[in-house]
Every structure is written in C-alpha cells, then in structure tokens.
Amino acid sequence: MTEVSDREPPRRRVPGPVKPPRPRSAVRRQPGPGARPVRRPSGARPPVRSKLRLGSPRPRLRMVSLALTLVLIAFVVRLFQVQAVDASEYAARADQNRYVVHTLTAERGGITDRSGVALAVSEDAYDITADPTMFSAKQLKIDDGPEQAAALLAPILGQDQATIVKKLRPANRNSRYTRLATRQTPQVWKQIKDLRAALAAKAGTDKRTVNVLAGVFADPSSQRVYPNGDLAAGILGWVNADGQGAGGIEQELNKALTGKDGQIRYAQAGGREVPTAGSTQTPAVPGADVELTIDRDIQWAAQNAITEQVKKSRADRGYVVVQDTRTGQILAMANSPGFDPNDLSKADSAAMGNAAVQDAYEPGSTAKVMSMAAVLEENAATPLTHVVVPNRLHRGDRLFSDDVDHKTWYLTLNGVLAKSSNIGTILATGQLGKTQDAANKVLYSYLRKFGIGSYTGLGFPGETPGILAPYQKWSTSQQYTVPFGQGFSINAMQAASVYSTIANGGVRVEPTLVRGTKGADGRFTPAPKPGQTRVVSDKTARTLAQMLESVVDDEQGTGNLARIPGYNVAGKTGTANRVDPATGKYHGYTSSFAGFAPADNPRITVYCAIQNATSGSYYGGQICGPIYKQVMEFALKTLQIPPTGAQAANLPVDYKP
C-alpha cells in the first residue's frame, strides 16, 4: 500500500457508497516526520486513511440564480415603466430641462399722417431675460450668484439691485425664464454681452472667477419711438412697459397695431442653443400700419400757436382743432401743455391725454350759432328781424346783461350775433314756442341734433360726451342761459363739429382721425365712412354763414382780429364763465373762437379755446381770434385753397328805430 504524504493537497474524489465504520482499534495515526516506525502486532491490518466529505453546490447555485432572476425582473419592470408606462412624463421632464421656449414679439405697426410722414415707429430693441436655474448655488458653486449678477446689471438697466435679485431668485425654483427689463436699446444689450464675455474669458484662465452673467440672455424686441417729440402726443398716446397702447390712437387701435406674437422652441445646454438639435418656430405677424387724417405741418402750426398763447396768457391750458368741413376728417388737434411720449418720466400726468376731447366746459357765445340755427330753421325770425336789446333783462329769478354796459341797442338778428348779445339771444329763442317750456323743448332738440350731450363718434379713449340735461330738468336760470352757451358743457371737438356742420350745408359728418390701415400684406383698408345727419337745411346753413361773416368783417363785430386778407371768413367769439374743476365753482373764463373759411365755399373749420387766462385779455376775440387767423392762414396755404373772390354778404347789424 502506497503511503500518501500529508503535504500533498487532497484530491477531489467522488463520494462512493458509504461503508460501515471500522473499529477504532483498527485506526492508527500515521507517524510524523522523524518518528519511529510503529510496530504492528503480527497478523494486524495496516491503518486506512479517512476520506474528505464535500457539500453539494446545487442549493447555493439555486439561491444565486434566484437572486439574479429577481434583480433582472426588477430591472425589466422598471425599464417597462420608464419606457412604456411613464414614457411621456419622463420625456416631458427631459424636454422641460432641455428645451427653451421664447416668445417672438410681433413688430408694432407704425402711425403716419395723411401724407405718410412717420409719427410713431418701432425700432430694434431687446428684452433682457435670464434663466434663474443658472444662478443657483449648485450651478455656480457660490451662494451669492444672484447678488453678484444684480450688482453688475443694476447700473446698466437702471433698476434697483434688490428687484433684480428677486427676479433671479423666483418663488418657483424650477422656473427657467424671467424678464429683467423690456425694450432696451441695442447699446444696453451690447454692454451686458461684452461684460458677460469678459467674465467668461477671465473664468477660463482663473478658476476662482465665476461667470455670474452666463444665465443672462436677450430676446429681440422693439422700442416705440416718436420722431417728432411732443407733436400730436395727445392724439398718438404712448406705449407702456408691457408694449400695450396706454393712451390715444395707440390704445384705441392697440389690437391692430400689436399684431400677433410668434414663438421659438430650441434645445439648449449650458445656456446656449444646440444647433444640431433643431428648433421649431412660429413667426410673428407684424401689426398693421395706421394712417391718420391729420396733416403734420398743420398740426405743428396749431400746436405752436396755442402753446405760445397759453404761455403768454399764463393760462391753465388750451386746444385747437382743425377739421375738413366736407369729410369730417381732423387735420389737427393740438393741446397745450403737452408731453413727450419718448420720455414719460418727465411728463406731467395732468397733461398726459387729449384735453380737446376729454375736457368738458361751458362753451359761451360760440354756442349762440346753434340758437340762431333753431330760430332760422323754425322760421321764428330772419337775419333782418328787429330786436330791441335793453341794458338789462329780467327773466325768472335773474337779471341778465351783456358783456358790456350799454344803452338800448336796436339790432337786427344778424346784429345780435355779430355783437354777441346775450339779451338779444334770449329774446330771439323765446320765439321758438308759445311758452318758455315749449321754446326750451325746441332748442333742446336742435342742440341734440348738433351732437351736444353725445359722443362725437371718434371712439377716442377718455372722450367726454359733455353734459346736457333734458329740457324738463333745466333750472329757472338754465332756461335763459342755455341759449347763449352757459348751463351745459361740451368738448372742443364737439364745438368744432358744430361749425363744420354749418359749413357743410347743414349736414353733420362724424369727425374721424383714421384714414385707414395697411396690413402685413401691404394692402390698404380704408376706414369705414363716417355717419352723416342733416341738422338744418342748406338754406339755413348758408344764411348762418353770412351772419357769421358780420362777426369778423363788420366794424361792430367782435371777431375783427380773425380777418384774413383776400378771404371771406365766418367766425364767432366766445367768453364764458368757467367752472373750476377743483372747486366746482365759477372762477375765471373760457375764451374761444370758432369759424370756417372761405365763408362762401367752406373748406376748413378752426376752433380755439383757452382756459383761465390770467395775464392780459381774457376775451375770446382778443386771444383766440389771432390764433384762428394764424392757423387758418397756414392751413389754407398748405392745402392750396385759393380765395373765392366773392363779395362779403354785408348784412346790416343795427337799424334806426
């Protein structure tokens, strides 16, 4: 039997059949190295070495296989959930983090005068934006990223630093977009872009430098510019910080001017667009261009004239309206004081509007033309009817007088208008009915036909319809003050429309400011035709025009300062007690002048009013007559309207008793 050394590794053997154990006496230990050989008794069997028993690997393999199977099942289930069940949700989350959507602001349409001269345009600008997530401590590795960025941006954008920090640390931490400033000039964006590039370059060489402006971007936008400064600002209005019209035509036609914004969606990484990822874009549709009826040059002449007179008279304000008598189109509408829509920070809030349609005031003697129209149309009198005008007239609970103290006047009806007699007008309108109440009813109906107490039809923001109480509610004094222009209120546009109605043969045409619009396709769409209403007959209108000539041409008339060499001029002065808006009581005067030319073939109406003149004269003929002349002369020349060459009517003003 071969002896096996203990140093050799045991050999793996396949377990055989189990044999019964041998008696312990038969088992003997093998001698170690150097041991003496053991003597065996004679006849004894040699010792047998015990065999190593190994466990079965199958249970462990089964356990490992089961564990791997469970893990694989978990992976498969999760993979199925991600790729099938929740695929759209995870895709949306990925897109939210990867894709950026920006609005493409539509270019606002321009506004021009009747000849195409630009009055309001849009120039290139930028909205400064930011991705708030790029200012987080995790992204920048610093805690005060928004504060550092705000400190750099505040002086460039002209904003408070705390305001910018608040935008860079929004309440919604997942917000990827915030607008820091709107409609900034290209120069502002260049400053920010250069500063951002400088920080990026420094950060590339100095690891301690952090580019805190990496998350600042710019969206192309536009800025509203008014090339003529304050010219026609009351008509044009302005655009607010959100790009919406906030006054005037900008507000009235905001929808047409604004257009339709577009949208761009692109992939980004690190705040930059990934060009290979593609993008989708819905282009913006530009707003329509608006063409107004006004003439820039006539507007300038009117605005310059009223501004100078308001300063000279130290008045609260003044307005001038110029209208085409045939079409109703407004050629100019000037206010003083005004404002510059390019710089609203310096504008007086009280002047930010169009006072010519927003102020309501008692018109005074310019309204007498409506009383005379009613008298003539109702055949209650003729221009030559004799009217005895006493120094004082007692009616109701008051004693009425004219603006000058005088002896008894013996005037024609034409003379009553020429000398602007309050007493004569009361006496004339008293013939409209058998009773005072009946006369009031007739006069009221004509005032309404002329548009008093109603909106003009302009649709202008903030326009007032004026105040005209129903004749049944006229007080005792109103029954006699309304005929000469006190006891009701109008705006300047309504006053001009009254004279344009007479100039247009007795037909009132609603005033218009817009000639039409031109869309993105270049097609011009005319504005709807204005409404027309016959107020008095053509015969009455022509008679009134001749009577209005006497106001200007006759030496006894109150409007001599409105004469224009070579032209027959029709006009009327007005000086009314003024209600102070602050106290609601009479204080100061409303001075006015209204008329048209040429008187025998009318083309242009000019109306002027000045509120509360405190220096020099306050009579309408004295301070508004010269403005009428200056503006009318300019308009006649600009529109190349020649004199008719006809002789003045020369109706008699008075008669001998």
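Note that the structure is a prediction, hence the values are computed from the model and not measured.

Enquirer: Lay out helix α15 (residues 436-449) with the relevant residues and their values.
Expert: Under the 1.5 Å per step criterion, the end-to-end length of α15 is 20 Å for 14 residues, consistent within 8% with the ideal 20 Å. Those residues of α15 that fall on the buried side of the exposure criterion are Ala439, Asn440, Val442, Leu443, Tyr444, Tyr446 and Leu447. Summarising the contacts, the buried residues of α15 are in contact with α12 (368-377), α14 (422-429) and α16 (478-481).

Enquirer: How would you explain a nonpolar patch on the surface if you had to name every residue and give the values?
Expert: Together, Leu66, Leu70, Ile73 and Val77 make up an exposed nonpolar region whose accessible area comes to about 380 Å². Mapped onto the fold, Leu70 is located in helix α1 (residues 58-85). Of the residues examined, Leu70 reaches a relative accessible area of 52% and is grouped as exposed.

Enquirer: Talk me through the sheet that holds strand β22 (residues 604-611); I want residue IDs and the actual numbers.
Expert: The antiparallel open sheet is built from five strands, whose spatial order is β11-β10-β22-β21-β20. Only two strands of the sheet have a single neighbouring strand rather than two, namely β11 (330-336) and β20 (570-579). Strand-to-strand twist across the sheet, computed as the mean angle between neighbouring axes with direction ignored, equals 10°. Pairing analysis gives eight bridges linking strand β21 (residues 586-597) to β22, with the strands arranged antiparallel. Residue pairing for β22: Ser592 is matched across the bridge by Ala609. Here helix α10 (residues 296-313) sits on the sheet in contact with β10 (317-324), β11 and β22, set at roughly 25° to β11.

Enquirer: I'd like a description of the packing of α12 against helix α18 (residues 538-553), backed by residues and values.
Expert: Relative to each other, α12 and α18 sit at 135°, their axes nearing to 10 Å. Looking at the two axes, α12 sits oblique to α18. At the point where α12 passes α18, the crossing takes the right-handed sense. In contact with Val369, Met372, Ala373, Leu376 and Glu377 of α12, α18 contributes Thr540, Thr543, Leu544, Met547 and Leu548. Residue classes in the contact of α12 with α18 are distributed as seven nonpolar, two polar and one charged.

Enquirer: I'd like to hear about unusual backbone geometry, residue by residue, with values.
Expert: Cis geometry marks the peptide bond from Ser336 to Pro337, where omega comes out at 0°. Residues Ala597 and Pro598 are joined by a peptide bond in cis, for which omega reads -15°. Here Pro598 shows up in the loop between β21 and β22. With phi around 70°, Lys141 is a residue other than glycine that occupies positive phi space.

Enquirer: Please provide a residue-by-residue account of the packing of helix α4 (residues 145-157) against helix α6 (residues 186-205), values included.
Expert: Contact geometry of α4 with α6 gives a least axis separation of 10 Å together with a crossing angle of 160°. Classified by the angle their axes make, α4 and α6 are roughly antiparallel. As for the relative orientation of α4 and α6, their crossing is right-handed in sense. Contacts from Leu152, Leu153, Ile156 and Leu157 in α4 reach Val188, Gln191, Ile192, Leu195 and Leu199 in α6. Classifying every residue of the contact of α4 with α6 gives eight nonpolar, one polar and no charged.

Enquirer: Go over the pattern of salt bridges with me, naming the residues and quoting the values.
Expert: Considering all chains together, one arrives at 14 salt bridges under this definition. Residue Asp405 is joined to Arg392 by a salt bridge in which the shortest nitrogen-to-oxygen separation is 3.5 Å. Taken together, the positions of Asp405 in the loop between β14 (398-400) and β15 (409-412) and Arg392 in the loop between β12 (386-389) and β13 (393-395) put the pair 13 residues apart, joining distant regions of the chain. Relative accessible area serves as the criterion here: at 63%, Asp405 is assigned to the exposed category.

Parameters at a glance
- Residues numbered from 1 in each chain as written.
- Predicted model: local features only at pLDDT ≥ 70, side-chain atom pairs only at ≥ 80, totals over all residues.
- Heavy atoms only, no water.
- Helix = DSSP H or I, 4+ residues; strand = E, 2+ residues; numbered from the N terminus.
- Expected span 1.5 Å × (residues − 1).
- Buried < 20%, exposed > 50% of the residue type's maximum accessible area, 1.4 Å probe, protein only.
- Contact = heavy atoms within 4.5 Å.
- Patch = residues over 30% accessible without salt bridge, like charges linked within 9 Å, V, L, I, M, F, W, Y side chains within 5 Å.
- Areas by Shrake-Rupley, 256 points an atom, 1.4 Å probe, with all protein chains shown as cover.
- Salt bridge = Lys/Arg side-chain N within 4 Å of Asp/Glu carboxyl O.
- Pairing = 2+ DSSP bridges.
- Axes fitted to C-alpha atoms, helices over the stretch in contact; angles between N-to-C directions.
- Parallel < 35°, antiparallel > 145°, perpendicular 65-115°, else oblique.
- Left-handed = near helix turned anticlockwise from the far one by under 90°.
- Nonpolar A, V, L, I, M, F, W, Y, C, P; charged D, E, K, R; others polar.

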